[in-house]
Amino acid sequence: MSILVTGGAGYIGSHTVVELLELGKEVVIIDDLSNASSKVIDRIENITGKRPAFYQLDVKDKNALRTVFEKEDIESAIHFAAFKAVGESVQKPGLYYENNLMGILALVEVMLEFDVKKIVFSSSATVYGSFNPSPYKEDMPVGVPTSPYGQTKVMCEQILRDIYVADNNWSISLLRYFNPIGAHESGLIGEDPSGIPNNLMPFIAQVAVGKREFLNIFGDDYDTEDGTCVRDYIHVVDLARGHVKALGKLDQDKQVYTYNLGSGKGTSVLELVNTFVQVTGVEVPYKIAPRRAGDLPVFYANADKALAELNWTTEKSIEDMCRDTWNWQSKNPNGYQG
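A brief look at the structure comes next. This one's a predicted model, so the numbers in the text were calculated from it and none came from an experiment. (Residues numbered from 1 in each chain as written. Predicted model: local features only at pLDDT ≥ 70, side-chain atom pairs only at ≥ 80, totals over all residues. Heavy atoms only, no water.)

Brief notes about the overall build of the protein
At step 1: Summing up its helical and strand segments, the protein has eleven helices and 14 strands in all.
At step 2: Taking 2.2 N^0.38 as the reference for a compact globule, 338 residues should give roughly 20 Å; the C-alpha atoms of the protein span a radius of gyration of 19 Å, in line with that estimate.
At step 3: Out of the 338 residues in the protein, the part that is buried amounts to 55%.
At step 4: Surface summary for the protein: the accessible area is close to 14,500 Å², and the carbon and sulfur share equals 47%. (Helix = DSSP H or I, 4+ residues; strand = E, 2+ residues; numbered from the N terminus. Rg over C-alpha atoms; globule rule 2.2 N^0.38 Å. Buried < 20%, exposed > 50% of the residue type's maximum accessible area, 1.4 Å probe, protein only. Areas by Shrake-Rupley, 256 points an atom, 1.4 Å probe, with all protein chains shown as cover.)

Quick look at the nonpolar core
At step 1: Among the nonpolar cores identified, the biggest contains 39 residues, and Leu20 and Leu261 are the most heavily contacted of them.
At step 2: When neighbours within four sequence positions are excluded, Leu261 is seen to be in contact with Leu175, Arg176, Tyr177, Phe178, Ile234, Leu239, Gly242, His243, Ala306 and Trp312.
At step 3: If you look at the next biggest cluster of nonpolar residues, it comprises 31 residues, including Leu4, Ala81, Ala106 and Val108. (Core = buried A, V, L, I, M, F, W, Y, C linked by side-chain atoms within 4.5 Å. Contact = heavy atoms within 4.5 Å.)

Things to note about the pattern of salt bridges
At step 1: Going through the model one piece at a time under the given rule, you end up with 16 salt bridges.
At step 2: Put simply, Lys117 and Asp167 hold a salt bridge, and the shortest N to O gap is 2.6 Å. One end of the pair, Lys117, is in the loop between α5 (93-113) and β5 (118-124); the other, Asp167, is in the loop between α6 (148-166) and β6 (171-177), with 50 residues separating them in the sequence.
At step 3: The partner of Asp251 in a salt bridge is Lys118, and the shortest N-O contact between them spans 2.6 Å. One end of the pair, Asp251, is in the loop between α8 (236-249) and β11 (256-261); the other, Lys118, is in strand β5, with 133 residues separating them in the sequence.
At step 4: Accessibility expressed as a relative area gives 54% for Asp251, which makes it exposed.
At step 5: Each of Lys62, Arg66, Glu109 and Glu113 takes part in one network of salt bridges that share partners. (Salt bridge = Lys/Arg side-chain N within 4 Å of Asp/Glu carboxyl O.)

Quick notes on empty space enclosed by the protein
At step 1: What the rule picks out here adds up to one cavity of 30 Å³ or more.
At step 2: Volume-wise, the largest cavity comes out at about 70 Å³.
At step 3: Within the residue set of the lining of the largest cavity, elements represented by two or more residues are α7 (200-208) and α11 (318-331).
At step 4: Counted by class, the lining of the largest cavity contains seven nonpolar, three polar and one charged residues. (1 Å grid on protein atoms, 1.4 Å probe; cavity = no way out; pocket = protein on both sides within 12 Å on 5 of 7 lines; lining within 4 Å. Points joined across faces, edges and corners; volume = space filled by probe spheres on them. Nonpolar A, V, L, I, M, F, W, Y, C, P; charged D, E, K, R; others polar.)

Some details on α6
At step 1: The end-to-end C-alpha separation of α6 is 27 Å, in line with the 27 Å expected for 19 residues at 1.5 Å each.
At step 2: Among all positions of α6, only Pro148, Tyr149, Gly150, Thr152, Lys153, Val154, Cys156, Glu157, Ile159, Leu160 and Ile163 are buried.
At step 3: Residues of α6 that are buried make contact with α4 (86-91), α5, β5 and β6. (Expected span 1.5 Å × (residues − 1).)

Concerning the pairing of β5
At step 1: Counting buried residues along β5, seven of its seven residues qualify, which places the element largely inside the surrounding structure.
At step 2: A two-sided burial pattern is seen for β5, the buried positions comprising Lys118, Val120, Ser122 and Ser124 on one face and Ile119, Phe121 and Ser123 on the other.
At step 3: Bridge count for β5 against β6 is seven bridges, and the pairing is parallel. Each bridged residue has a counterpart across the sheet, and for Ile119 the counterpart in β6 is Ile172.
At step 4: Running through α6, the crossover from β5 to the neighbouring parallel element β6 is right-handed. (Pairing = 2+ DSSP bridges. Right-handed = clockwise from strand over helix to strand, strands pointing away.)

Let's talk about the sheet that holds β11
At step 1: The strand order β3-β2-β1-β4-β5-β6-β11 describes an open sheet built from seven strands, whose pairing is parallel. Looking at strand neighbours, the two that pair on one side only are β3 (53-55) and β11, the edges of this open sheet. Going from strand to strand, the sheet's axes swing by 20° on average, the running direction of each strand aside.
At step 2: The pairing of β6 with β11 spans six bridges and is parallel. Residue pairing across strands places Leu174 opposite Thr258, the latter belonging to β11.
At step 3: Docked against the sheet, helix α3 (residues 62-71) engages β1 (2-6), β2 (26-30), β3 and β4 (74-79), running at close to 165° with respect to β2.
At step 4: Sitting on the sheet, α6 touches β5, β6 and β11, and the angle it makes with β5 is about 155°. (Axes fitted to C-alpha atoms, helices over the stretch in contact; angles between N-to-C directions.)

Focus: unusual backbone geometry
At step 1: In this chain, Ser134 is followed by Pro135 through a cis amide linkage whose omega measures 0°.
At step 2: Relative to the helices and strands, Pro135 resides in the loop between β5 and α6.
At step 3: Backbone geometry at Asn311 places phi at a positive 55°, although glycine is not the residue there.
At step 4: Mapped onto the fold, Asn311 is located in the loop between α10 (304-310) and α11.
At step 5: The class of Asn311 is exposed, set by a relative accessible area of 57%.

The values are spatial; any link to function lies outside them.
Spelled out as structure tokens, the structure:
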């Protein structure tokens, strides 16, 4: 029996595949490689000594999906495949609604045809919106996200809840995670954003490796200890292990589970930059820029529920995240292209 991982060649997906393979699981990856590289499959094999089955296809293509389900003995799915750039979603909302909503709908329809009713969904803390106070707890009402990307996550969660209401033989886990950074300790896989990075850590790493001249820090006058925004950073390997724990939970009661995956504590932008410099010894020039619209001053998780129900908590420190990011970036200055 195999676990289907959609978007399994991507940043979080590839790290999750590694964790599954190292536990002896059979894995089938589907990925259209629109934001990933086929080289990831080779790197996964280098790390684990096992090569996952791989199909290059669009998750929205139901006929192609059916072919995979016919060939492979799939028992459950972890769904990562989605567009995820917040800024791009504001510029191209139709693209995000079409891709992210049609992707989940196609997947669950085909899963239902093949009587596969266990799924872990890659959601986001953006579903809490801007009105709930930090730390965010799973029983808070879903807010109004500040981007179409966030809205697609709210809608996908609702789609899955409605599917469970219609058929309570489904077992579903909605994982709301915060700010994944870091890379596998081997340096073989890591975050490889196309174009200008949307997130802080890849930008720091690209400045450190000389690809970019300096980092912009957007605002230093927030009501925080050093005036910069505070976020909940989580090592991507810890996050991947959270998915494995959530998948195991689906074998217990058939219901819809919701979990925050975060460290439960905040780190400011300046703290992260300074820690990176201390750990790597590489300078990261930065400039203070005006605030960005929609940025919240403080944003972090209450992760008690994941600890209580999944026996999951983060194990890696901010120092680990910086060290592993630099190990990946310095070994792969041009990502998977170089």
